[in-house]
Amino acid sequence: MDLSLNVNGRPEQFAAQPNELLVERLRDGLGLTGTKVGCDTGQCGTCVVRLDGRSVKSCLILTAAAAGSAVTTIEGVTTPGGELSGLQEALRQEHGTQCGFCTPGMVMALGELVDGTADREAPTEPEIREWLTGNLCRCTGYHSVVRGVQRACSAARADAPAQPATAAASGQEG
Amino acid sequence: MTTVTGETSPQGGGVLGQPLDSREDPQLLRGEATYVGDIDLPGTAHMAILGSSVAHAKILSIDTKAAEQLPGVLKVATAADFTDVMPLPCIWIPGGVESHFPPHPYGLPGSRPVLSGDTVRHVGDPIAVVVAETPRQAAAALAAISVEYEPLTVVTRADEALAEGAPQLHEAVPGNLNAYWTCGDKDRTDAAIAAAEVTVELDLVNQRTINSPIEPRGAVGDYNAATGEYTLYASTQGPHNHRFLLSALVLGIPFNKLRVVAPTVGGSFGTKGYLYPDMPLVLLLSKALGRPVKWVDTRTGLMNSTVQGRDHRQHVTLAGTRDGRITAVRCTSYANLGAYPSTIGPGVATALMGRSISGMYDIDAAFCEVYAAFTNTVSLGAQRGSGRAEAAFLMERLVDRYASEIGMDPAAVRRKNLVPKEKFPYDNGLGWTYDSGDYQLNFDRAIELSGYADMPARKTEARARGKRLGVGIASYVAICGVGPSTRMSKEGMLGGTWESANIRVHPTGEVTVTVGSASTGQSHGTVFAQVAADELGIDPATVQVYEGDTLKAPYGQGTYGSRSYSMAAPAIALTARKIKSKLVKAGAVFLGVPEEKVVYADGQVFEEGNEENTKTFAELAMAMWYGWGLPPEIEPALDETTHFDPPDFNYPFGTHVAVVEIDELTGETEVVAYTAVDDAGNIGNPKIVLGQIEGSILHGLGQALMEHAEYDLDGQLVSRDLNHYALPRAIDAPFFTLDKTVTPSPHNPLGAKGAGEIATVPPAAAVVNAVVDALSDLGVRHIDMPVTPEKVWRRLRGEAQ
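This section reports on the structure supplied with the text. Everything numeric in this text was worked out from a predicted model, so none of it was measured.

### Side note on the overall build of chain B
Right, on to step 1. Secondary structure assignment for chain B yields 20 helices and 31 strands.
Right, on to step 2. Against the 2.2 N^0.38 benchmark of 28 Å for 801 residues, chain B shows a C-alpha radius of gyration of 27 Å, consistent with a compact globule.
Right, on to step 3. Across the 801 residues of chain B, 63% fall into the buried class.
Right, on to step 4. Considering only contacts in chain B between residues 6 or more positions apart, those separated by 24 or more positions represent 80%.
Right, on to step 5. Of the roughly 27000 Å² that chain B leaves accessible, carbon and sulfur atoms contribute 51%.
Right, on to step 6. Counting 65 positive and 93 negative side-chain charges, chain B places the centres of these two groups 2 Å from one another.

### Some details on helix H6 (residues 239–251) of chain B
All names here are of chain B.
Right, on to step 1. Here H6 contains 13 residues, and its C-alpha end-to-end distance of 16 Å is more than 12% below the 18 Å for a straight helix at 1.5 Å per residue.
Right, on to step 2. A maximum bend of about 25 degrees is found in H6 at Leu245.
Right, on to step 3. Listing the buried residues of H6 in full gives Pro239, His240, His242, Arg243, Leu245, Leu246, Ser247, Leu249, Val250 and Leu251.
Right, on to step 4. Close packing links the buried residues of H6 with strand E5 (88–89), strand E13 (229–234), strand E14 (258–261) and helix H7 (278–289).
Right, on to step 5. Looking at the residues trailing H6, positive phi occurs at Gly252, about 65 degrees.

### Some words on unusual backbone geometry
Right, on to step 1. Geometrically, the link from Phe424 of chain B to Pro425 of chain B is a cis peptide bond, its omega value of -5 degrees lying close to zero.
Right, on to step 2. By secondary structure assignment, the location of Pro425 of chain B is in the loop between helix H11 (410–417) and strand E19 (426–427).
Right, on to step 3. Val482 of chain B connects to Gly483 of chain B through a cis peptide bond whose omega is -20 degrees.
Right, on to step 4. Tracing the backbone through its elements, the reader meets Gly483 of chain B in the loop between strand E21 (467–477) and helix H14 (485–490).
Right, on to step 5. Its identity as a non-glycine residue notwithstanding, Asn8 of chain A has a phi of 50 degrees, on the positive side.
Right, on to step 6. Located in the positive-phi region is Phe269 of chain B, a residue other than glycine, with phi close to 60 degrees.

### Quick look at the side chain of Arg112 of chain B
All names here are of chain B.
Right, on to step 1. Structurally, Arg112 can be placed in strand E6 (residues 110–112).
Right, on to step 2. With relative accessibility at 7%, the residue Arg112 sits in the buried group.
Right, on to step 3. In this structure the side chain of Arg112 is engaged in a polar contact, spanning 2.7 Å, whose partner is the side chain of Asp125.
Right, on to step 4. Ignoring anything within four residues of it in the chain, the contact list for Arg112 reads Pro87, Leu88, Asp125, Pro126, Pro277 and Tyr340.

### Focus: the pattern of salt bridges
Right, on to step 1. If you walk through the whole model with that rule in mind, you get 54 salt bridges over all chains.
Right, on to step 2. Arg151 of chain A is the partner of Glu94 of chain A in a salt bridge, and the nearest nitrogen-oxygen pair spans 3.0 Å. Of the two residues, Glu94 of chain A is situated in the loop between helix H3 (86–93) and helix H4 (103–115) and Arg151 of chain A in helix H6 (residues 143–159); the sequence distance between them amounts to 57 residues.
Right, on to step 3. We note a salt bridge from Arg577 of chain B to Glu535 of chain B, for which the minimum N-O separation is 3.0 Å. Here Arg577 of chain B is found in helix H16 (residues 564–591), whereas its partner Glu535 of chain B is found in helix H15 (residues 524–536), with 42 residues between them in sequence.
Right, on to step 4. For Glu535 of chain B, a relative accessible area of 13% translates into the label buried.
Right, on to step 5. Within the structure, one salt-bridge network assembled from shared partners comprises Glu89 and Arg92 of chain A together with Asp21 and Lys687 of chain B.

### Focus on the packing of aromatic side chains
When we look at a pair of aromatic rings, we describe it by the centre distance and by the angle of the planes.
All names here are of chain B.
Right, on to step 1. In total, this model carries 15 aromatic pairs over all chains according to the counting rule given.
Right, on to step 2. Members of the aromatic cluster, each reached through a chain of ring pairs, are Tyr426, Trp432, Tyr434, Phe649 and Tyr651.
Right, on to step 3. Taking NZ or CZ as reference, Arg112 lies 4.8 Å from the ring centre of Tyr340, over its face.
Right, on to step 4. Cation over ring: Arg355 sits above Trp432, and NZ or CZ is 5.8 Å from the ring centre.

### What to know about a nonpolar patch on the surface
Right, on to step 1. Taken together, the side chains of Met622, Trp625, Tyr626 and Trp628 of chain B define a hydrophobic patch exposed on the protein surface, amounting to about 540 Å² of accessible area.
Right, on to step 2. Here Trp625 of chain B lies in helix H17 (residues 617–626).

### Structural notes on the sheet that holds strand E7 (residues 119–120) of chain B
Hydrogen bonding along the main chain pairs the strands of a sheet, whether they run parallel or antiparallel.
All names here are of chain B.
Right, on to step 1. What the 3 strands build is an open sheet, ordered E7-E3-E9; its pairing is antiparallel. In the strand order of this sheet, the two ends are held by E7 and strand E9 (146–151), each with one partner.
Right, on to step 2. Relative to E7, strand E3 (residues 57–63) is paired through 2 bridges, and the arrangement is antiparallel. Within the sheet, the bridge partner assigned to Ala57 lies in E7 and is Val120.

### Thoughts on the packing of helix H18 (residues 686–705) of chain B against helix H19 (residues 763–775) of chain B
All names here are of chain B.
Right, on to step 1. Their axes nearest at 7 Å, the elements H18 and H19 cross at an angle of 45 degrees. The angle between H18 and H19 places the two elements in the oblique class. For the pair H18 and H19, the sense of crossing is right-handed. In this structure, H18 uses Ile697, Gly700, Leu701, Gln703, Ala704 and Leu705 to contact H19, whose residues at the interface are Pro763, Ala764 and Val767.
Right, on to step 2. In terms of residue class, the contact of H18 with H19 is made up of 7 nonpolar, 2 polar and no charged.

### Section: the pairing of strand E31 (residues 736–740) of chain B
Residues and elements named next belong to chain B.
Right, on to step 1. Here E31 lies mainly inside the structure; 4 of its 5 residues are buried.
Right, on to step 2. In terms of strand pairing, strand E30 (residues 669–679) meets E31 through 5 bridges, oriented parallel. Among the inter-strand pairings, Val677 is bridged to a residue of E31, identified as Asp739.
Right, on to step 3. A crossover links E30 with its parallel partner E31, the connecting element being H18, and its sense is right-handed.

### Looking at the nonpolar core
Residues and elements named next belong to chain B.
Right, on to step 1. One finds Met47, Leu232, Ile357, Tyr439, Tyr674, Ile697 and Val767 to be the most contacted residues of the largest nonpolar core, which totals 202 residues.
Right, on to step 2. Dropping the residues within four chain positions of it, Ile357 is found in contact with Val329, Cys331, Phe367, Cys368, Ala391, Leu394, Met395 and Leu430.
Right, on to step 3. Residues Phe528, Ala576, Phe617 and Ile688 belong to the second largest nonpolar core, which totals 46 residues.

### A word on the environment of Glu133 of chain B
Residue and element names in this part refer to chain B.
Right, on to step 1. Mapped onto the elements of the fold, Glu133 is located in the loop between strand E8 (126–132) and helix H3 (135–143).
Right, on to step 2. Take Glu133: its relative accessible area is 35%, and that puts it in the partly exposed class.
Right, on to step 3. Between the C-alpha atoms of Glu133 and Leu796, which are 663 residues apart in sequence, the distance is 57 Å.
Right, on to step 4. Setting aside its immediate chain neighbours within four residues, Glu133 contacts Thr44, His46, Gly72, Leu74 and Arg291.
Right, on to step 5. One polar contact links Glu133 to Arg291, side chain to side chain, over a distance of 2.9 Å.

### Notes on the interface of chain A and chain B
Right, on to step 1. Counting residues at the interface gives 55 residues for chain A, matched by 56 residues for chain B.
Right, on to step 2. The shortest N-O distance in the salt bridge between Glu707 of chain B and Arg138 of chain A comes to 2.7 Å.
Right, on to step 3. Remark: the boundary between chain A and chain B carries 33 residue pairs in polar contact (both at pLDDT 80 or more).
Right, on to step 4. Breaking the side of chain A that touches chain B down by element, the ones donating at least two residues are helix H1 (22–29), H3, H4, helix H5 (125–131) and H6 of chain A.
Right, on to step 5. The class makeup of the residues in the side of chain A that touches chain B is 18 nonpolar, 26 polar and 11 charged.

Basis of the calculations
Residues numbered from 1 in each chain as written. Chains lettered and ligands numbered in written order. Predicted model: local features only at pLDDT ≥ 70, side-chain atom pairs only at ≥ 80, totals over all residues. Heavy atoms only, no water. Helix = DSSP H or I, 4+ residues; strand = E, 2+ residues; numbered from the N terminus. Rg over C-alpha atoms; globule rule 2.2 N^0.38 Å. Buried < 20%, exposed > 50% of the residue type's maximum accessible area, 1.4 Å probe, protein only. Contact = heavy atoms within 4.5 Å. Areas by Shrake-Rupley, 256 points an atom, 1.4 Å probe, with all protein chains shown as cover. Lys, Arg positive; Asp, Glu negative; His and termini not counted. Charge placed at Lys NZ, Arg CZ, Asp CG, Glu CD. Expected span 1.5 Å × (residues − 1). Bend = angle between axes of the 7 residues up to and from the residue. Polar contact = N/O pair within 3.5 Å; in protein donor to acceptor, adjacent residues only side chain to side chain. Salt bridge = Lys/Arg side-chain N within 4 Å of Asp/Glu carboxyl O. Phe/Tyr/Trp six-rings, centres within 6.5 Å; stacked < 30°, edge-to-face > 60°. Lys NZ or Arg CZ within 6 Å of the ring centre and 35° of its normal. Patch = residues over 30% accessible without salt bridge, like charges linked within 9 Å, V, L, I, M, F, W, Y side chains within 5 Å. Pairing = 2+ DSSP bridges. Axes fitted to C-alpha atoms, helices over the stretch in contact; angles between N-to-C directions. Parallel < 35°, antiparallel > 145°, perpendicular 65-115°, else oblique. Left-handed = near helix turned anticlockwise from the far one by under 90°. Nonpolar A, V, L, I, M, F, W, Y, C, P; charged D, E, K, R; others polar. Right-handed = clockwise from strand over helix to strand, strands pointing away. Core = buried A, V, L, I, M, F, W, Y, C linked by side-chain atoms within 4.5 Å.

Written as structure tokens, this is what we have:
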């Protein structure tokens, strides 16, 4: 079947099998290999992308079901070799990676959490850990990733225009 | 979250010891790093492997005709197509024992054929391969291969495999016994136990676990018909080792016609250093088809083929006095090697475990015997903390059992038996000689930091909330820095275990370091640049590190057993010293002064007493490149290599304290606090080591609380994917309090000890000790891992284990 997707701001049209998974289209069809496959059962989260702004596991969704949507992959977060996003920079400073295989999926899954921080209270550590439960990491024990998210949220809130709601919560930063 | 106390300790005032940011991180964060699954060579065909669906059977027939006719299928092959390929070798049969396995043609112990032909011995045992145009076509074709099996009786436990009447896995191995291995002094230990005031015994199951790197393994083979050269891209932690084993011992092709490349590797924890059938298969099929051949495993495939870890059943005994002095320890272990001896699995199950059992304690008599048996399960291999974690578990469980028996505080018993500082180097009587340590300092710091003295009050407070609080201590010594080649040969290891480094200084003053090690996520590019920059007194940003490609780097053994920083880094430091020494000689020429007046410091040479007369590193690099005016005894250019073979291993150590709370109603165990004080000698980059410690602890907690590779009676792996095998998630990580002590090793010029995996060694023991402590008033003396809520719930209701 002929389908179309908007991937990282670019319209893509292609013929796909009905049983094709979105992750196969991204990796094998479009060569966007930043999205990884780690478990085949939706457990590990290395395949997370954003579909119309919400993070989804691309190994659990058919390409056909995503047709017509806007997909953002890790390649859409920065330009090649370019400046890191706030979250990526914070993870870099906290060394929230090791082997890096789970990292793109984590960046995609956590982006939504960090993006929403500017205009509401910073997430607590348990909230960040809950948010991370869909992503497995065997190297880090997650601590450095949690520190990275806390750092990114602090930075996002510091950069945000002052609002009454954020001003009230600012005592929790840091 | 983690609290880290203590300050970082830079060694030479330079960049070594500083928490520099990892230079590998940006590309990992952008998704730009290339893992083996991301390699897309022109014309690539895709391979899929058919694994046995039954655990033990004769293969009566394999029909591949239907598969061959499917769209896109290029080749279907079985064992009959590879009769001229040698079996995969096993290169670590425990030293001093007879190898009971069909020999490899070169007189080595064999392991397994590249594909199994007559008999399958575990679910997932590879029996056929398909190569097709796409991965989906290859997978579809696997389903069209029909295999007729004649089922054989299955055995999955080591002790049962050794019993009379057990099914036999290999004709050449009567009774399924691969090795009976011992260490220590049996008579002395037996006598000490017989004469002891107090003895305690435990029957322990150190359950089988699956390492589960998040990236499954993969391999791409690329044969160049024009040159006759083979290239293997593989998720390997030892490309040089794989090159040696594959070229000389499996394929029978010249060593210099095989290049092995490790791209970015998505975690390993021990599993990716092994030789697997897929590696020769992609090379052979690439040659047969004239195209690159790529294979990437699935998660279920990984669970059923990549080496698994731990898996001992043990009877252990400790003897001591009524006032808390340990006099002997003895272990009888049944180790489950799985269906075939993996590349180094038999050594892991014996020497790495047995020689470590006495831990941090000064014990007069110790003995360990291991029966290493074959069963119808996936082959056994290394797993983060391998061997040492199993040893720490048995010893630390015994110490708690002993403390309870004599009514003494477990911390006090440990304190009383620690190897005293003045006894180093310390021969532990089991084959290891500990290099250095201040165990008392380390132990006391862990006990103090954990708030151990406050635990009675915390227990009372927890009970008021419906929780049972327990505290568990575990200390350990881990052998690292493998190692001295001659020593390892006595352990039965085939091949040298030295490590090499080359430093090349370019005319522009930039430096390239190449090492034989290969990162699986340890930021070697950052840390090794720090080592070279620190020695040479230059900016680490000007140092580039290359590894993981046999064409770029000199030989080396790779990354395993936490050896890279205490093996490759010293090789780099020693090479940098050769460069400095040459620059001092050349500096005499360039500065026009006698050599003894030349000083090398901060990346330049100058005349002693006349610092105006100087040449910078960049000026020297260019001058050496030109080579003008050099006397005949000084060769132009700066290019030096070192092969570092240490005099002995190194022995990091530490003490961890776990605090758990058990819910009276649900039986759920929560680790509410965790304190770890580890000693890895001098540390190169504390930011990177911190991450390794944190990850290691959670890995150990995973074994204690949830991980279990469970086989049913038919030998089917029940925990065959991540829906059925529990890995710790972010919500399972408790608050960590971390600190370190620093006891440099005398066995390398950096004073380094292994660090990467050491913190995986004690957590399982610490947590189980804490759980038993919490349940002790119910008469619970032991509980097997994983400590699931159901198990605890049953014990809370008075059921026996």
